[in-house]
Amino acid sequence: MESHEQEAAVCSNCGSPKLEWARVRSAFWHQDTLVVVEDIPALVCDKCQERHYDDQTVVALDLMRGEGFPAEGATGELRVPVFAFGHRARPKVES
Ligand SMILES: [Zn+2]
């Protein structure tokens with residue numbers, strides 16, 4: 001199960017070969033709570049910013065999700081503004 005051949009990696013979104021390792025931050029919905037995970041290693045596309053996680057990282061994130069992001073494990077808190085799409089929502093006409 002250990003096979004991360006990242007040598008000839010190309011972006012899965014745009015096909016660019018310019019991918020760079022970086023530590024990224026990502027937000028996840030956990031039930032009704034939005035949580036942010038920082039410091040995630042990812043291969044980031046130089047061109048379109050698409051992030052690619054290796055198998056180990058995906059498994060680790062799944063584990064964190066499985067643990068339910070307990071509040072006592074958090075390293076900080078963010079206040080985030082919330083907006084309603086509101087009047088911008090147009091009824092979809094299916095025909
Ligand atoms: Zn790309």
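Residues numbered from 1 in each chain as written. Predicted model: local features only at pLDDT ≥ 70, side-chain atom pairs only at ≥ 80, totals over all residues. Heavy atoms only, no water.

Q: Looking at this structure, I do not really get the overall build of the protein chain. What am I missing?
A: A count of helices and strands for the protein chain gives one helix and three strands. Listing the helices and strands of the protein chain from first to last along the sequence gives β-β-β-α. Counting all 95 residues of the protein chain, 20% fall into the buried class. Within the protein chain, contacts between residues separated by at least 24 positions form 45% of all contacts whose residues are at least 6 apart in sequence. (Helix = DSSP H or I, 4+ residues; strand = E, 2+ residues; numbered from the N terminus. Buried < 20%, exposed > 50% of the residue type's maximum accessible area, 1.4 Å probe, protein only. Contact = heavy atoms within 4.5 Å.)

Q: Sorry if this is basic, but what is going on with the environment of V24 here?
A: The topology assignment puts V24 in strand β1 (residues 19-30). Distance in space between the C-alpha atoms of V24 and L43 is 9.2 Å, their sequence separation being 19 residues. Setting aside its immediate chain neighbours within four residues, V24 contacts V37, E38, D39, I40, A42, V44, R51 and Y53.

Q: I tried to follow the coordination of the zinc ion on my own but got confused; where do I start?
A: As a benchmark, a tetrahedral metal site with four donors has ideal angles of 109.5 degrees, while an octahedral site with six donors has ideal angles of 90 or 180 degrees. All of the protein donors around the zinc ion are C11 (SG), C14 (SG), C45 (SG) and C48 (SG); their distances to the metal are 2.3 Å. Coordination at the zinc ion is tetrahedral: its four donor atoms span angles of 105 to 116° at the metal. Coordination of the zinc ion draws on donor residues from a single chain, spaced C-x2-C-x30-C-x2-C in sequence. Of this pair, C14 sits in the segment before β1 while C45 sits in strand β2 (residues 33-45); the two residues are 31 residues apart in sequence, bridging distant segments of the chain. Residue classification places C45 among the buried positions, given a relative accessible area of 1%. (Donors = N, O, S within 2.8 Å, 3.2 Å for Na, K, Ca; no water. Tetrahedral: all angles 85-135°; square planar, octahedral: opposite > 155°, others 65-115°.)

Q: When you look at the environment of A22 in this model, what are you seeing that I'm missing?
A: Mapping A22 onto the fold places it in strand β1. As a C-alpha pair, A22 and A42 span 20 residues in sequence and 5.5 Å in three-dimensional space. Apart from the residues within four sequence positions on either side, A22 is in contact with I40, P41, A42 and V44.

Q: Any chance you could explain the pairing of β1 here in plain terms?
A: Look at any regular strand and the pattern is simple: side chains alternate between the two faces of the sheet. Inspection of the sheet shows β1 paired to β2 by 11 bridges, in the antiparallel sense. Residue E20 lies in a different strand from β2, and its bridge partner there is V44. Between β1 and the antiparallel strand that follows it, β2, lie two residues; Q31 among them carries a positive phi value of about 50°. (Pairing = 2+ DSSP bridges.)

Q: Please clarify how unusual backbone geometry should be interpreted in this entry.
A: Most peptide bonds are trans, and most residues other than glycine sit at a negative phi. One non-glycine residue, D39, adopts positive backbone phi at about 70°. Structurally, the position occupied by D39 is in strand β2. For D39, a relative accessible area of 53% corresponds to the exposed category. Even without a glycine there, the phi angle at Q49 is positive, about 70°. With respect to the element layout, Q49 can be found in the loop between β2 and β3 (51-52).

Q: What's the story with the nonpolar core in this structure? I'm lost.
A: If you look at the biggest cluster of nonpolar residues, it comprises nine residues: V24, F28, V35, V37, I40, A42, V44, L61 and F69. Secondary-structure elements contributing two or more residues to this core are β1 and β2. Among the elements that make up this core, the one with the highest residue count is β2 (five residues). Once residues within four sequence positions are removed from consideration, I40 is found in contact with A22, R23, V24, S26, F28, Y53, T57 and L61. (Core = buried A, V, L, I, M, F, W, Y, C linked by side-chain atoms within 4.5 Å.)

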